[in-house]
There are 4 protein chains.
Amino acid sequence: MQQRLAANRAQIVRAARRLIARGGFREASMVAVAAAAGLSTGAIYRYFPSKAQLFIEVLTAAVAHEIELLEQIAGAPGTAALRLQNAVETFARRALEGRNLAYAFIAEPIDAEVDAARIRSRREFSEVFQRLLRDGIRSGEFCRQDAEASAACIVGAFTEALVGPIAPGGKAVGPQTRAQLIAAISQFCLRAVRA
Amino acid sequence: MQQRLAANRAQIVRAARRLIARGGFREASMVAVAAAAGLSTGAIYRYFPSKAQLFIEVLTAAVAHEIELLEQIAGAPGTAALRLQNAVETFARRALEGRNLAYAFIAEPIDAEVDAARIRSRREFSEVFQRLLRDGIRSGEFCRQDAEASAACIVGAFTEALVGPIAPGGKAVGPQTRAQLIAAISQFCLRAVRA
Amino acid sequence: MQQRLAANRAQIVRAARRLIARGGFREASMVAVAAAAGLSTGAIYRYFPSKAQLFIEVLTAAVAHEIELLEQIAGAPGTAALRLQNAVETFARRALEGRNLAYAFIAEPIDAEVDAARIRSRREFSEVFQRLLRDGIRSGEFCRQDAEASAACIVGAFTEALVGPIAPGGKAVGPQTRAQLIAAISQFCLRAVRA
Amino acid sequence: MQQRLAANRAQIVRAARRLIARGGFREASMVAVAAAAGLSTGAIYRYFPSKAQLFIEVLTAAVAHEIELLEQIAGAPGTAALRLQNAVETFARRALEGRNLAYAFIAEPIDAEVDAARIRSRREFSEVFQRLLRDGIRSGEFCRQDAEASAACIVGAFTEALVGPIAPGGKAVGPQTRAQLIAAISQFCLRAVRA
DNA sequence: CATGAATGAGGCTTCATTCAT
DNA sequence: GATGAATGAAGCCTCATTCAT
């Protein structure tokens, strides 16, 4: 029934997300997605008209979820600085946990359609940070600056922790090291914007 | 003779770099590389055992060149702050000009081997910034901080300007806008590390 | 009950005929036929054991209808020449109107079974013209000739007007041009058989 | 070398032609063409950029050959009637021998590109007959008539002998029957156009 | 009986790699 | 050594047919 279909659809998206997160678009072939979702390749096409559309949905769904979280944090009461710190730390932590976000920021052009969706998603994501920065600039907590560029820098900074060379690749890292890294990143960003 | 072989090898690497820079790994098929190098596909395999190995060499060669430039800047006389500013601006500018570097930082996992090389290259690149930061911390110009994390943040920050949503995608951007963006990025990074 | 089943069956055949007439066998997938018939794909298989059998029925039903029309014309009172002219013009007109018949004559081999049915249908169709020709030969209106071959030539002649290069492809054609074409075809056929 | 390539190309075209002639476009899958040509599927794409382009070449090459033959006959000295008879008989004979032409006239739409080429080819073919008819009308041998429509009728008439129900399908037919059929067709056409 | 989601083979196309010339 | 035609596996997608509900 209805439920089963929705479950399958979600299963497909999850499978695609998992594969992309693990090995990039390269490893997320339709055959692999179907196998990981426990369906036949043909079945995928009942739910998505093409590989590009599936990937776009995976991307936008993941980013939508992250943005929701982000806006809760950004819209909470408190100083802009605290909210920024909270946002950066939350997302650095999520990134380090390898959840949901990584692949959305990866850049290799796979397909014009998908790429357009990726750019849109990144912009939306970045805009939440921009608004937070403008709040702080208005209230005098943050120095005057190009909020658009700074938002990009912040996103880039903690994204780098995710895919960059200091990201804990295969080797397991203790929770302490992790906490230190997150703290370092958030301090970096706060210093960069503070008045 | 020896010279001709070396010339061919260099020609292949250059051709591959050009193609990757233009359209990502996706456009750099072995046939395209061979054609661009003025050789046959078979000949490529006299110089490189596989596509992965060729790409690894392309990557490391490009990064080696960038690191050379970077170390000149980082090792020049002057305050750490000025050298950092110089380094960040130079690389932001190079990235915006779409030269050589971009693909080395943004590539999605094409191949496990290539990806390992990419991570190594990023680390080397990041390490130059680390040394610069440590210099500044020692001299008191920069505040005490996790140099490794900050270096990653700096690299991430200007990389984001390259592939992120504020990057000048297709539309040409005036030199003034460009200069403003670069200035904004470098100011961001300097504020973040300064004492 | 019985009636409902028969109605469904007829509905399926009509849906298939409509789709084939519009876009050829290529557009008549089982899913499309089912949708057009307001039934599920599975239901089609309660009425027809396979796609081939459905198409065969579509074909023979359509041709049976055409033959009925044709025999009315051929069996009407009047000279053989008039009846032939009437028959040719009627079918040229029907063909130009894109009704029902076209695909039965022009289909390429989709399936061995279907093709056999197509050939049989064409023969039946042609035989009505043969009988008309024999009438005319017997009465002296038409010259002595191989009636079987002539019938085939007549059918071919106006079929060509349907799918051939002078057929009004996409561009709409005025009723005058149409009438002229039909007249030209029927004159051609009459001259060919007249004593 | 050069020769081998040309031979392969010709082999591919021949293989495709053979398959199309036997079972229509339906049986001429790229895999089947490759197998029949003694090559791998990938190899086909060294010679033709797509299935559509291969089929277009097969079509136009075959028709070009037929048109060459046809123009020799149409351009020979002699009365228009004799030349028309000669042309019709030659092509009826060729059609009965199942050579080269059949598939070029078959109508199932496979692909927009291929279909456009098919229509063009048919038109070219028909135009040779048109010119012959106009010759005869000018010289008074043929009655006044719509040459375009008559040419289509002639082509249709003998094409019908090829794919129609009286065409000797599987059963072998004696040379006498064959000759009679051809004579009947040509007589039909001549009567249809004569003054 | 009807539904329509699921299957799975098969179609077109690409491309890293090999090997006869 | 160099060439580039050939291979063949793999990718995306379609669709006739089946079967659990």
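A brief look at the structure comes next. Please read these numbers as outputs of a predicted model, since none were measured by experiment.

1. Looking at the overall build of chain A
For step 1, the next point in the chain: Counting its regular elements, chain A contains nine helices and zero strands.
For step 2, the next point in the chain: When the helices and strands of chain A are placed in sequence order, the string is α-α-α-α-α-α-α-α-α.
For step 3, the next point in the chain: For chain A, the proportion of its 195 residues judged to be buried stands at 52%.
For step 4, the next point in the chain: Counting contacts in chain A only where the partners sit at least 6 residues apart, residues at least 24 apart contribute 67% of the total.

2. Overview of the protein's contact with DNA strand F
For step 1, the next point in the chain: Taken together, 31 residues sit near DNA strand F, with Tyr45 and Lys51 of chain A together with Asn8, Arg46 and Tyr47 of chain D positioned nearest.
For step 2, the next point in the chain: Per the 4 Å cut-off to the protein, sugar and phosphate atoms form 63% of the nearby atoms of DNA strand F.
For step 3, the next point in the chain: Take Ser40 of chain B: an N or O atom from its main chain is 3.2 Å from a phosphate oxygen of DNA strand F.
For step 4, the next point in the chain: For the surface near DNA strand F, the secondary-structure elements that each account for two or more residues are helix H3 (41–47) of chain A, helix H1 (2–23) and helix H3 (41–47) of chain B, helix H3 (41–47) of chain C together with helix H1 (2–27) and helix H3 (41–47) of chain D.

3. Section: a positive patch on the surface
For step 1, the next point in the chain: Together, Arg26 and Lys51 of chain A together with Arg26 and Lys51 of chain B line one region of the surface with positive charge.
For step 2, the next point in the chain: Summarising the element assignment, Lys51 of chain B is placed in helix H4 (residues 51–75).
For step 3, the next point in the chain: You can call Lys51 of chain B partly exposed: its relative accessible area is 32%.

4. Things to note about the side chain of Arg83 of chain D
Residues and elements named next belong to chain D.
For step 1, the next point in the chain: Among the secondary structure elements, Arg83 is positioned in helix H5 (residues 80–96).
For step 2, the next point in the chain: By relative accessible area, which is 12% here, Arg83 ends up buried.
For step 3, the next point in the chain: Reaching out from Arg83, the side chain makes a polar contact with the backbone oxygen of Gly78 at a distance of 3.1 Å.
For step 4, the next point in the chain: Discounting residues that sit within four places of it in the chain, Arg83 has contacts with Ile73, Ala74, Ala76, Pro77, Gly78, Leu132 and Asp135.

5. Section: the protein's contact with DNA strand E
For step 1, the next point in the chain: In the vicinity of DNA strand E, 31 residues are found, and the nearest of them are Asn8 and Tyr47 of chain A, Lys51 of chain B together with Tyr45 and Lys51 of chain D.
For step 2, the next point in the chain: Between DNA strand E and Met30 of chain D, the relevant distance is 2.8 Å, taken from a phosphate oxygen to a main-chain nitrogen or oxygen of the residue.
For step 3, the next point in the chain: Those elements that place two or more of their residues in the surface near DNA strand E are helix H1 (2–27) and H3 of chain A, H3 of chain B, helix H1 (2–23) and H3 of chain C together with helix H2 (30–37) and H3 of chain D.
For step 4, the next point in the chain: Class assignment of the residues belonging to the surface near DNA strand E gives a composition of 13 nonpolar, 14 polar and four charged.

6. Structural notes on H1 of chain A
All names here are of chain A.
For step 1, the next point in the chain: With 26 residues, H1 extends only 30 Å from end C-alpha to end C-alpha; this falls clearly short of the ideal 38 Å at 1.5 Å per step.
For step 2, the next point in the chain: Where H1 bends most, the angle comes to about 95°, and this point is Ala21.
For step 3, the next point in the chain: Buried within H1 we find Asn8, Ile12, Val13, Ala15, Ala16, Leu19, Ile20, Gly23, Gly24 and Phe25.

7. Re the environment of Arg26 of chain A
For step 1, the next point in the chain: Along the polypeptide, Arg26 of chain A turns up in helix H1.
For step 2, the next point in the chain: A sequence separation of 84 residues divides Arg26 of chain A from Ile110 of chain A, and the C-alpha atoms of the two residues are 8.8 Å apart.

8. Points about the packing of H1 of chain C against helix H4 (residues 51–75) of chain C
Residue and element names in this part refer to chain C.
For step 1, the next point in the chain: Where H1 meets H4, the closest approach of the two axes is 9 Å, and the angle between their N-to-C directions is 85°. Classified by the angle between their axes, H1 and H4 sit roughly perpendicular to one another. Residue-level contacts link Arg9, Ile12, Val13, Ala16, Arg17 and Ile20 of H1 to Leu54, Phe55, Glu57, Val58 and Ala62 of H4.
For step 2, the next point in the chain: Grouping the constituent residues of the contact of H1 with H4 by class yields eight nonpolar, no polar and three charged.

9. Comments concerning helix H7 (residues 112–139) of chain B
Owing to its 3.6 residues per turn, the α-helix aligns residues three or four sequence positions apart on the same side.
Residues and elements named next belong to chain B.
For step 1, the next point in the chain: Taking 1.5 Å as the rise per residue, H7 with 28 residues should run 40 Å; its terminal C-alpha atoms sit 41 Å apart, in good agreement.
For step 2, the next point in the chain: At the N-terminal end of H7, a side-chain oxygen is found 2.9 Å from the backbone nitrogen of Glu113, two or three residues along, and the residue is Asp111.
For step 3, the next point in the chain: Where H7 terminates, the next one or two residues include Gly140, which has phi positive at roughly 85°.

10. Some remarks on the packing of H1 of chain A against helix H2 (residues 30–37) of chain A
How two helices sit against one another is set out by the angle between their axes and by the gap between those axes.
All names here are of chain A.
For step 1, the next point in the chain: For the pair H1 and H2, the least separation of the axes is 8 Å and the interaxial angle reads 135°. Here H1 is positioned oblique relative to H2, judged by the angle of their axes. Crossing of H1 against H2: the hand is right-handed. Contacts from Gln11, Ile12, Ala15, Ala16, Arg18, Leu19 and Glu27 in H1 reach Ala32, Val33, Ala36 and Ala37 in H2.
For step 2, the next point in the chain: In terms of residue class, the contact of H1 with H2 is built from eight nonpolar, one polar and two charged.

11. Let's talk about the packing of aromatic side chains
For step 1, the next point in the chain: Under the definition given, this model contains 18 aromatic pairs over all chains.
For step 2, the next point in the chain: Put simply, the rings of Phe91, Phe125, Phe129 and Phe158 of chain A pair up and form one aromatic cluster.

12. Looking at the pattern of salt bridges
For step 1, the next point in the chain: Scanning the entire structure with this criterion turns up 24 salt bridges over all chains.
For step 2, the next point in the chain: Between Arg131 of chain B and Glu71 of chain B there is a salt bridge, with its nearest N and O atoms 2.5 Å apart. Taken together, the residues Arg131 of chain B in helix H7 and Glu71 of chain B in helix H4 connect sequence positions 60 residues apart.
For step 3, the next point in the chain: Residue Arg131 of chain B is classed as partly exposed on the basis of its relative accessible area, which comes to 43%.
For step 4, the next point in the chain: In this structure, the salt-bridge partner of Arg94 of chain C is Glu66 of chain C, at a minimum N-O distance of 2.8 Å. Highlighted residues: Arg94 of chain C in helix H5 (residues 80–96) and Glu66 of chain C in helix H4, separated in sequence by 28 residues.
For step 5, the next point in the chain: Linked by salt bridges that have partners in common, Arg83, Asp135 and Arg138 of chain A make up one network.

13. Quick look at the environment of Leu181 of chain B
For step 1, the next point in the chain: Note on placement: Leu181 of chain B falls in helix H9 (residues 175–193).
For step 2, the next point in the chain: Expressed as a C-alpha distance, the spacing of Leu181 of chain B and Arg93 of chain B, which sit 88 residues apart in the sequence, is 9.4 Å.

14. Some points on a negative patch on the surface
Residues and elements named next belong to chain A.
For step 1, the next point in the chain: A contiguous patch of negative charge on the surface is contributed by Glu124, Glu127, Asp146 and Glu148.
For step 2, the next point in the chain: Assignment of secondary structure puts Glu148 in helix H8 (residues 147–163).
For step 3, the next point in the chain: Judged by its relative accessible area of 38%, Glu148 falls in the partly exposed class.

Conventions we followed
Residues numbered from 1 in each chain as written. Chains lettered and ligands numbered in written order. Predicted model: local features only at pLDDT ≥ 70, side-chain atom pairs only at ≥ 80, totals over all residues. Heavy atoms only, no water. Helix = DSSP H or I, 4+ residues; strand = E, 2+ residues; numbered from the N terminus. Buried < 20%, exposed > 50% of the residue type's maximum accessible area, 1.4 Å probe, protein only. Contact = heavy atoms within 4.5 Å. Near = heavy atom within 4 Å. Polar contact = N/O pair within 3.5 Å; in protein donor to acceptor, adjacent residues only side chain to side chain. Patch = residues over 30% accessible without salt bridge, like charges linked within 9 Å, V, L, I, M, F, W, Y side chains within 5 Å. Areas by Shrake-Rupley, 256 points an atom, 1.4 Å probe, with all protein chains shown as cover. Salt bridge = Lys/Arg side-chain N within 4 Å of Asp/Glu carboxyl O. Lys, Arg positive; Asp, Glu negative; His and termini not counted. Charge placed at Lys NZ, Arg CZ, Asp CG, Glu CD. Nonpolar A, V, L, I, M, F, W, Y, C, P; charged D, E, K, R; others polar. Expected span 1.5 Å × (residues − 1). Bend = angle between axes of the 7 residues up to and from the residue. Axes fitted to C-alpha atoms, helices over the stretch in contact; angles between N-to-C directions. Parallel < 35°, antiparallel > 145°, perpendicular 65-115°, else oblique. Left-handed = near helix turned anticlockwise from the far one by under 90°. Phe/Tyr/Trp six-rings, centres within 6.5 Å; stacked < 30°, edge-to-face > 60°.

Just geometry here; none of it tells us what the structure is for.
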